[in-house]
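Inside the fold
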Amino acid sequence: MKKTKVLIIGAGGQLGAELAIALRKIYGTSEVVTADIKDPQGVLLEGPHEKFDVLQRDKLFELIKKYQITQVYHLAALLSATGEKDPRWAWKLNMESLLYVLEAAHELKLDKVYWPSSIAAFGPETPKAMTPQQTIMDPSTVYGMTKLAGELWCSYYFRRYGVDVRSLRYPGLIGWKTPPGGGTTDYAVDIYFKAVAEKRFTCFLSADTYLPMMYMDDAVKATLDLMEAPAEKVRVRTSYNISSMSFCPAQLAATIKKYIPEFTISYEPDFRQSIADSWPRSIDDSDARRDWGWQHQFGLDEMTKDILYHLQKGKN
Ligand code: SER
């Protein structure tokens, strides 16, 4: 059997660092190459790493050949809030880099590609409660536009060239190992850091803004489960809805208060409020559950306990 060799692009981000750890456990440290435009830190110092700008098409092809890569995880992107500051740049970075990866997958015959989509691919006309897999998609951010267009490119490469590209529409991802990365859902990351450091937090979304969210451990599990599923079970070739919990800032703050009673929150909604208002409140992920057996593990309380434990341990 051919050896699996993985390249993670955007490995310095929230998800990339966690996937690097998980994939190195499965395939071995030397078999997982990490790449990022930023200088490596933490886990990225522990194995093969390349400084890489995703718009360097030739270098991508070189890296794949140099390390005999068989699977690429392409995670580099500008997120929703950052993308709105320079829409043209977000479009270029997010779209061109995906096309380079798909071209490389086709021309160099990669076994598999992973590329994340997002709840941002939905928009104001999308049904907000238990948003179905197939529905109206009218994203209002440039980030969401790149996700919707990207989903269609993935499905095109699958149908036309047989590229085995797989994707999940992530909800807001919440982890404690890296700081927030410029997303609208990232208040739910920042709040934990601030709760531990300062015992208070000013939220850029209103108290009752419900959004679908997921703990990083579940996001890593969903990604690996999807990538390990037999190809014939992966029936959705745009991107799968995936879900575990939905909550609003007031509920999250109340949960944190159970563990840090002095914690207080105030609200100062900014331009990110209208982005959040255009997204679903909850997601129907029954296709993922049926096709490849997706099951989540973490709810709001378990996640909060786990994150506060790790952050407080780091502080002492
Ligand atoms: N978490 C992302 C963001 O808020 C959505 O995919 O931009």
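A brief structural summary. (Residues numbered from 1 in each chain as written. Predicted model: local features only at pLDDT ≥ 70, side-chain atom pairs only at ≥ 80, totals over all residues. Heavy atoms only, no water.)

What follows covers the site of the ligand. Every residue near the ligand is listed here: Leu79, Ser80, Ser118, Tyr143, Gly183, Thr184, Thr185 and Trp279. One nitrogen or oxygen atom from the side chain of threonine 185 is found 2.7 Å from a nitrogen atom belonging to the ligand. Looking at side-chain class alone, the shell around the ligand contains 3 nonpolar, 5 polar and no charged residues. (Near = heavy atom within 4 Å. Polar contact = N/O pair within 3.5 Å; in protein donor to acceptor, adjacent residues only side chain to side chain. Nonpolar A, V, L, I, M, F, W, Y, C, P; charged D, E, K, R; others polar.)

What follows is about the packing of aromatic side chains. Counting across every chain of the model gives 9 aromatic pairs. Arranged with centres 5.6 Å apart and planes meeting at 80 degrees, the rings of tryptophan 153 and tyrosine 156 form a pair that is edge-to-face. Placement of the pair is tryptophan 153 and tyrosine 156 together in helix α5 (residues 142-161), with a separation of 3 residues, close to one helical turn. On the basis of relative accessibility, which here comes to 34%, the residue tryptophan 153 falls in the partly exposed class. Classification of tyrosine 156 as partly exposed rests on a relative accessible area of 31%. When the ring of tyrosine 156 is compared with that of tyrosine 157, the centres are 6.2 Å apart and the planes differ by 65 degrees; the resulting orientation is edge-to-face. Residue classification places tyrosine 157 among the buried positions, given a relative accessible area of 8%. One aromatic cluster is present, built from ring pairs that chain together Trp153, Tyr156, Tyr157 and Tyr161. Geometry around phenylalanine 204 places arginine 272 over its ring, the cationic atom sitting 3.6 Å from the centre. (Phe/Tyr/Trp six-rings, centres within 6.5 Å; stacked < 30°, edge-to-face > 60°. Helix = DSSP H or I, 4+ residues; strand = E, 2+ residues; numbered from the N terminus. Buried < 20%, exposed > 50% of the residue type's maximum accessible area, 1.4 Å probe, protein only. Lys NZ or Arg CZ within 6 Å of the ring centre and 35° of its normal.)

A few words now on the packing of helix α8 (residues 249-259) against helix α11 (residues 300-315). Look at α8 against α11: their axes get within 10 Å of each other, and the N-to-C directions meet at 50 degrees. By the angle between their directions, the pair α8 and α11 is classed as oblique. By crossing handedness, the relation of α8 to α11 is classed as right-handed. Only Leu300, Asp301, Thr304, Lys305 and Leu308 of α11 make contact with α8, whose side of the interface consists of Gln251, Leu252, Thr255, Ile256, Lys258 and Tyr259. Residue composition of the contact of α8 with α11, by class: 5 nonpolar, 3 polar and 3 charged. (Axes fitted to C-alpha atoms, helices over the stretch in contact; angles between N-to-C directions. Parallel < 35°, antiparallel > 145°, perpendicular 65-115°, else oblique. Left-handed = near helix turned anticlockwise from the far one by under 90°. Contact = heavy atoms within 4.5 Å.)

The next thing to look at is the sheet that holds strand β2 (residues 32-36). Pairing is parallel across the open sheet formed by 6 strands, whose spatial order is β3-β2-β1-β4-β5-β7. Looking at which strands have only one partner, the edges of the open sheet turn out to be β3 (49-51) and β7 (165-166). Of the strand pairs in this sheet, strand β5 (residues 112-114) and β7 are connected by 2 bridges, and their pairing is parallel. Counterpart to tyrosine 114 in the pairing with β7 is arginine 166. Strands β4 (71-74), β5 and β7 of the sheet are contacted by helix α7 (residues 216-228), whose axis makes an angle of about 155 degrees with β5. (Pairing = 2+ DSSP bridges.)

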